[in-house]
Amino acid sequence: MMTQKANAELRRRQIEHDLPHLHQERWNRIAAELGEQIEAAAGDEREHLKQRLDQHYANRFHPETSRAALLAEAGADRAE
């Protein structure tokens, strides 16, 4: 039976191995969410969301920017 620490290490290794693909999936999801929020927003909020989307585009081809978030989502960012 795998220990919790071994499980976390396995999840971490899987994320590291698939980081480019996982980053692209995460990036697409966030871009879609921001797009929907922009459509529903008005005024200053809309402009703020557009700025966030522009910032998001800056990370489009940088998988390392998703590493910490993906590890946290998988619970592999902490020693268990």
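Shown above is the structure to which this text applies.
Residues numbered from 1 in each chain as written. Predicted model: local features only at pLDDT ≥ 70, side-chain atom pairs only at ≥ 80, totals over all residues. Heavy atoms only, no water.

1. Considerations on the overall build of the chain
Thinking step 1. Secondary structure summary: the chain contains four helices and zero strands in total.
Thinking step 2. Across the chain, helices and strands are ordered from the amino to the carboxyl terminus as α-α-α-α.
Thinking step 3. Its C-alpha atoms give the chain a radius of gyration of 16 Å, more than 25% over the compact-globule value 12 Å for 80 residues.
Thinking step 4. In terms of principal-axis extent, the alpha carbons of the chain reach across some 55 × 20 × 15 Å.
Thinking step 5. Within the chain, the fraction of its 80 residues that count as buried is 24%.
Thinking step 6. Relative to all contacts within the chain whose residues are 6 or more apart in sequence, the contacts with residues 24 or more apart total 70%.
Thinking step 7. Surface exposure of the chain reaches about 5,800 Å², of which carbon and sulfur atoms provide 50%.
Thinking step 8. The average position of the 12 basic charges and that of the 15 acidic charges among the side chains of the chain differ by 6 Å. (Helix = DSSP H or I, 4+ residues; strand = E, 2+ residues; numbered from the N terminus. Rg over C-alpha atoms; globule rule 2.2 N^0.38 Å. Buried < 20%, exposed > 50% of the residue type's maximum accessible area, 1.4 Å probe, protein only. Contact = heavy atoms within 4.5 Å. Areas by Shrake-Rupley, 256 points an atom, 1.4 Å probe, with all protein chains shown as cover. Lys, Arg positive; Asp, Glu negative; His and termini not counted. Charge placed at Lys NZ, Arg CZ, Asp CG, Glu CD.)

2. Remarks on the pattern of salt bridges
Any two side chains of opposite charge can pair, given that their charged atoms come close.
Thinking step 1. This structure, assessed with the given rule, holds seven salt bridges.
Thinking step 2. Here Arg 29 ties to Glu 33 by a salt bridge, and the two come within 3.8 Å at their closest N and O atoms. Here Arg 29 pairs with Glu 33, and both are found in helix 2 (residues 19–40), just four residues apart, close to one helical turn.
Thinking step 3. According to the relative accessible area criterion, Arg 29 is partly exposed, its value standing at 40%. (Salt bridge = Lys/Arg side-chain N within 4 Å of Asp/Glu carboxyl O.)

3. Comments concerning helix 3 (residues 43–58)
Thinking step 1. Between its first and last C-alpha, helix 3 extends 23 Å over 16 residues, near the 22 Å set by a 1.5 Å rise per residue.
Thinking step 2. Buried residues of helix 3: Leu 49, Leu 53 and His 56, and no others. Angularly, the buried residues of helix 3 cover 55° about the axis, an arc narrow enough to put them on a single face. Exposed side of helix 3, more than 90 degrees from the buried face: Asp 44, Gln 51, Asp 54, Gln 55 and Ala 58 are the residues found there.
Thinking step 3. Among the structural elements, helix 2 are those in contact with the buried residues of helix 3. (Expected span 1.5 Å × (residues − 1). Arc of directions from axis to C-beta.)

4. What about the packing of helix 2 against helix 3?
Thinking step 1. For the pair helix 2 and helix 3, the least separation of the axes is 9 Å and the interaxial angle reads 160°. Classed by the angle they form, the pair helix 2 and helix 3 counts as roughly antiparallel. Judged by the twist between their axes, the crossing of helix 2 over helix 3 is left-handed. For the pair helix 2 and helix 3, the contacting residues are Trp 27, Ile 30, Ala 31, Leu 34, Gln 37, Ile 38 and Glu 39 in the first and Arg 46, Leu 49, Lys 50, Arg 52, Leu 53, His 56 and Tyr 57 in the second.
Thinking step 2. Classifying every residue of the contact of helix 2 with helix 3 by side-chain character gives eight nonpolar, two polar and four charged. (Axes fitted to C-alpha atoms, helices over the stretch in contact; angles between N-to-C directions. Parallel < 35°, antiparallel > 145°, perpendicular 65-115°, else oblique. Left-handed = near helix turned anticlockwise from the far one by under 90°. Nonpolar A, V, L, I, M, F, W, Y, C, P; charged D, E, K, R; others polar.)

5. Quick word on helix 2
Because an α-helix completes one turn every 3.6 residues, residues spaced three or four positions apart along the sequence face the same direction.
Thinking step 1. End to end, helix 2 covers 31 Å across 22 residues, agreeing with the expected 32 Å (1.5 Å per residue, within 8%).
Thinking step 2. Turning to helix 2, its buried residues are Leu 19, His 23, Arg 26, Trp 27, Ile 30, Ala 31, Leu 34 and Ile 38. Taken down its axis, helix 2 places every buried residue within 135° of arc, on the same side. Along helix 2, the residues that are exposed and aim more than 90 degrees away from the buried face are Glu 36, Glu 39 and Ala 40.
Thinking step 3. Those residues of helix 2 that are buried are in contact with helix 1 (4–17), helix 3 and helix 4 (67–74).

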